[in-house]
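Structural overview for review
Below are the chains, spelled out letter by letter.
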Amino acid sequence: MPYTTFELVTEQHVAHLRLCRPAQRNTMTAAFFSELAAAFAEIDGRTDVRAVLLSSTGKHFTAGLDLMEFASLLSQVPSGDRGRTSEQLRRLVLQMQECFSAIERCRVPVLAAVQGGCIGGGVDLISACDLRYCSEEAFFTIAEINIGITADLGTLQRLPKLIPDGVARELAYTGRRLEAARAYQLGLVSAVAPTHEALLETALGVAREIAARSPLAIAGTKEVLRYSREHSVEDGLRYVATWQAGMLFTSDVLEQLMANQEKRPAVFDELLPSKRIGGA
């Protein structure tokens with residue numbers, strides 16, 4: 001499907017999802033959320049995608065939510081019973097959360113390449129990704145506290161599992177900027193590039209390296225890592241044992257061994273497309 005808030009291009013098994021509203025600082029509109037959900041549904045069902053790169057255009061990665069649009073949306077909420085209005089708003093927030101959770105659940109790794117500001121909802125977005133890279137001038141801000149609200153799309157749940165809890169709390173309570181060098185020290189980003197162009201080259205290089213591996217093994221690694229983050233070590237070990245019992249007998253193992261011996265790139269079959277109930 002055509003998208004209006006970003007571009008989607010696939011090359012060498014890497015889907016490159018690029019935010020493309022630089023004049024608006026790539027703010028997140030209602031259209032952005034619906035298109036993001038549709039894009040990851042498309043990506044997750046495709047057989048030719050083995051990694052995803054999420055990048056942006058212009059000076060800033062994203063300035064977060066389009067506050068004017070969402071203020072207008074909230075102003076249209078009909079007056080009446082307070083409880084019913086609140087329940088409706090809760091469902092709206094849950095729908096927006098689901099758009100970012102789709103990134104976390106995507107069966108292939110998702111990498112984020114951040115230039116300039118990654119503000120508010122941008123931190124929610126990149127916290128749901130598997131790996132993050134940034135340019136030297138990049139910064140990260142949990143900006144919600146600066147406008148009097150609580151971050152609600154995943155930052156407070158995911159960021160403390162990516163960086164020290166105390167640092168995440170300080171950023172969330174103060175709304176201060178986390179600069180690129182400090183983000184690297186804390187492990188939020190895996191590398192800092194000198195320019196936006198070098199950033200894209202670095203992130204694409206990693207995405208292509210991932211895409212060259214067995215897609216079944218990569219999907220299993222992501223699934224087990226995601227499960228293990230939320231469970232005990234013992235639970236995680238039992239889970240991976242069950243996964244391995246089902247997935248170990250694959251032609252990918254022999255192909256990788258032969259490729260290593262013959263000093264050539266391995267060639268793997270694609271994963272099967274996702275099955276939809278009632279459809280193909």
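For the structure, see preceding data.
Okay, so let's go over this structure.

Quick notes on the environment of Pro109
With respect to the secondary-structure elements, Pro109 resides in the loop between α3 (82-105) and β4 (110-114). Residue Pro109 is classed as buried on the basis of its relative accessible area of 9%. Along the chain, Pro109 and Glu262 lie 153 residues apart, while their C-alpha atoms are 28 Å from each other. Non-local contacts of Pro109, meaning those with residues more than four positions away in its chain, are made with Arg50, Ala51, Val52, Asp130, Ile210, Ile218 and Lys222.

What to know about helix α1 (residues 30-45)
Its 16 residues place the ends of α1 23 Å apart at the C-alpha level, agreeing with the 22 Å of an ideal helix rising 1.5 Å per residue. Taken residue by residue, α1 has Phe32, Phe33, Glu35, Leu36, Ala39, Phe40 and Ile43 as its buried positions.

Here we look at the sheet that holds strand β9 (residues 192-193)
The strands that make up a sheet pair up through hydrogen bonds in the backbone, lying either parallel or antiparallel. Spatially, six strands are ordered β1-β2-β3-β4-β6-β9 in an open sheet, and the strand pairing comes out mixed. The sheet terminates laterally at β1 (6-11) and β9, the two strands that pair on one side only. The pairing of strand β2 (residues 14-19) with strand β3 (residues 51-55) spans five bridges and is classified as parallel. Note that in β3 the partner of His16 across the bridge is Leu53. Helix-sheet contacts for α1 involve β1, β2, β3 and β4, and the interaxial angle to β1 is about 15 degrees.

What counts, and at which threshold
- Residues numbered from 1 in each chain as written.
- Predicted model: local features only at pLDDT ≥ 70, side-chain atom pairs only at ≥ 80, totals over all residues.
- Heavy atoms only, no water.
- Helix = DSSP H or I, 4+ residues; strand = E, 2+ residues; numbered from the N terminus.
- Buried < 20%, exposed > 50% of the residue type's maximum accessible area, 1.4 Å probe, protein only.
- Contact = heavy atoms within 4.5 Å.
- Expected span 1.5 Å × (residues − 1).
- Pairing = 2+ DSSP bridges.
- Axes fitted to C-alpha atoms, helices over the stretch in contact; angles between N-to-C directions.

Everything listed is a geometric property; what it means functionally is a separate question.
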